[in-house]
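Results of the structural survey
Below, each chain spelled out in residue letters.
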Amino acid sequence: MIDQLVSNIKKTNAPIVVGLDPNIDYVPSYILDQAIKNQGETLEAAGAAIWEYNKGIIDACYDLIPAVKPQVAMYEQFGLPGLEAFKKTVDYCKEKGLVVIGDVKRGDIGSTSTAYAKGHLGGVTIGNTKCYGFNEDFVTVNPYLGTDGVKPFVDVCKEENKGIFVLVKTSNPSSGEFQDQKVEGKPLYEMVGAYVDKWGADVVGTSGYSAVGAVVGATYPEMGKVLRKIMPKAYILVPGYGAQGGTADGLKPYFNEDGLGAIVNSSRGIICAYKQDKYASFGEKNYADASRQAVIDMREDINSIF
């Protein structure tokens, strides 16, 4: 699947992943009002509304982008109807040819990680039939429990031709409370980066990149520069662009000289574009067109650094 991601990036010339992270107040009022009219003020209405909202953005943007990244917590807050919307979103994006990165941040003891890996990347055998749950192409993984918590995901990646992105240096302000602490004279995130390189050594695709990638926030470009060298074959998923303060000027260290090696996430900056002054002229009814223009602007911004 890493080769498919690289292929999609080359085809679109857009190292961009759209974060499909809906909150109920992001949904245009006419969509939410209709859902409530049909199903009342219920979780079912919320699930229907966010699915309709997502579908509009996907239809408007799928030809411009290589991948999407739905954050599962944004769906879990709506209970089972939210998870149904998550699954419909995953399936629809895959029908459109997009690579789907499930932002689930899982990681636990071995047996639990195995269950997470099967639920999101692989499948379970029921009788003589293998059944698949959410079936994303990649997921994000928390490495805090060490190799025991990561290896089950890597094993399923090998079986299913899938991939993972391991949290290495995250974009949030307090990430340094743990990630920057020194271990034998080096920050912990460098040690995790070295393990990412090790975990991915035998799952390298024809593109030259590994199925084990890394999450490194756009808000820390100097650290990104160091980690790019520590993990030469890892694709880097870069959150924090736009709304969290990351800029295109700071993104260059995450990429290799060929312009590959990283994919940059934007969530609110794209899916809520219609709420920004810059795109206000589109109006609420044309929220998806505003998202499309935001993707085009982001692509031009990122490509300007090469």
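This text gives an overview of the structure that appears in the document. (Residues numbered from 1 in each chain as written. Predicted model: local features only at pLDDT ≥ 70, side-chain atom pairs only at ≥ 80, totals over all residues. Heavy atoms only, no water.)

**Concerning the nonpolar core**
- Membership of the largest hydrophobic core comes to 84 residues, with the highest contact counts inside it found for I164 and L251.
- The element that contributes the greatest number of residues to this core is helix 3 (residues 43-61), accounting for ten residues.
- Apart from residues no more than four positions distant in its own chain, L251 is found in contact with A218, V238, Y241, V264, I302 and I305.
- Among the nonpolar cores identified, the runner-up in size contains 18 residues, and L5, A67, F138 and I263 belong to it. (Core = buried A, V, L, I, M, F, W, Y, C linked by side-chain atoms within 4.5 Å. Buried < 20%, exposed > 50% of the residue type's maximum accessible area, 1.4 Å probe, protein only. Helix = DSSP H or I, 4+ residues; strand = E, 2+ residues; numbered from the N terminus. Contact = heavy atoms within 4.5 Å.)

**Comments concerning the sheet that holds strand 11 (residues 234-238)**
- In space, the eight strands of this closed barrel follow the order 1-2-3-6-7-10-11-12, with parallel pairing throughout.
- Alignment of strand 3 (residues 99-106) against strand 6 (residues 138-141), held across three bridges, turns out to be parallel. By the bridge assignment for strand 6, I101 is matched with F138. (Pairing = 2+ DSSP bridges.)

**Quick notes on the packing of aromatic side chains**
- Tallying each qualifying case throughout the model produces ten aromatic pairs.
- Residues Y53 and Y287 carry aromatic rings whose centres are separated by 5.4 Å and whose planes lie at 25° to one another, so their mutual orientation is stacked. You can see Y53 sitting in helix 3 and its partner Y287 sitting in helix 12 (residues 287-303), a full 234 residues away along the chain. Accessibility assignment for this pair places Y53 and Y287 in one class, buried.
- Sitting above the plane of the Y62 ring, K96 keeps its charged end 4.5 Å from the centroid.
- It is K285 that lies over the ring of Y30; its NZ or CZ is 4.1 Å from the centre. (Phe/Tyr/Trp six-rings, centres within 6.5 Å; stacked < 30°, edge-to-face > 60°. Lys NZ or Arg CZ within 6 Å of the ring centre and 35° of its normal.)

**Notes on the pattern of salt bridges**
- Across all of its chains, the model carries 13 salt bridges by this definition.
- Of the charged contacts, one joins R106 and E76 as a salt bridge, the two residues approaching to 3.2 Å between their closest N and O atoms. Residue R106 is found in strand 3, and its partner E76 is found in helix 4 (residues 73-76); the two are separated by 30 residues along the sequence.
- A salt bridge links D155 to K151; its shortest N-O distance comes to 2.9 Å. Of the two residues, D155 and K151 both sit in helix 7 (residues 147-160), four residues apart, roughly one turn of that helix.
- On the basis of relative accessible area, D155 is assigned to the partly exposed category, the value being 25%.
- Taking relative accessible area as the criterion, K151 reaches 47% and is therefore assigned partly exposed. (Salt bridge = Lys/Arg side-chain N within 4 Å of Asp/Glu carboxyl O.)

**Some points on the packing of helix 6 (residues 110-120) against helix 7**
- Running from N to C, helix 6 and helix 7 point in directions that differ by 35°, and their axes come no closer than 8 Å. In the packing of helix 6 onto helix 7, the handedness of the crossing is right-handed. Across the interface between the two elements, G110, S113, T114, Y116 and A117 of helix 6 pack against D148, G149, P152, F153 and V156 of helix 7.
- When grouped by side-chain class, the residues that make up the contact of helix 6 with helix 7 number five nonpolar, four polar and one charged. (Axes fitted to C-alpha atoms, helices over the stretch in contact; angles between N-to-C directions. Left-handed = near helix turned anticlockwise from the far one by under 90°. Nonpolar A, V, L, I, M, F, W, Y, C, P; charged D, E, K, R; others polar.)

**A short note on the side chain of D137**
- Topologically, D137 is positioned in the loop between strand 5 (129-132) and strand 6.
- Take D137: its relative accessible area is 3%, and that puts it in the buried class.
- There is a polar contact of 2.8 Å between the side chain of D137 and the backbone nitrogen of V100. (Polar contact = N/O pair within 3.5 Å; in protein donor to acceptor, adjacent residues only side chain to side chain.)

**What to know about the packing of helix 3 against helix 12**
- Orientation of helix 3 relative to helix 12, taken along the N-to-C sense of each, is 45°, at an axis distance of 8 Å. One way to sum up the angle between helix 3 and helix 12 is to call them oblique. For the pair helix 3 and helix 12, the crossing hand works out as right-handed. Contact residues: E52, Y53, G56, I57, A60 and C61 in helix 3; Y287, A288, S291, R292 and V295 in helix 12.
- For the contact of helix 3 with helix 12, the class distribution of residues is seven nonpolar, two polar and two charged. (Parallel < 35°, antiparallel > 145°, perpendicular 65-115°, else oblique.)

**Let's talk about the pairing of strand 7 (residues 163-169)**
- Most of strand 7 is tucked away: seven of the seven residues are buried.
- The pairing of strand 6 with strand 7 spans four bridges and is parallel. Each residue of the ladder has a partner; that of F138, found in strand 7, is G163.
- Examined bridge by bridge, strand 7 and strand 10 (residues 210-216) share five bridges and lie parallel to one another. Each residue of the ladder has a partner; that of L167, found in strand 10, is V215.

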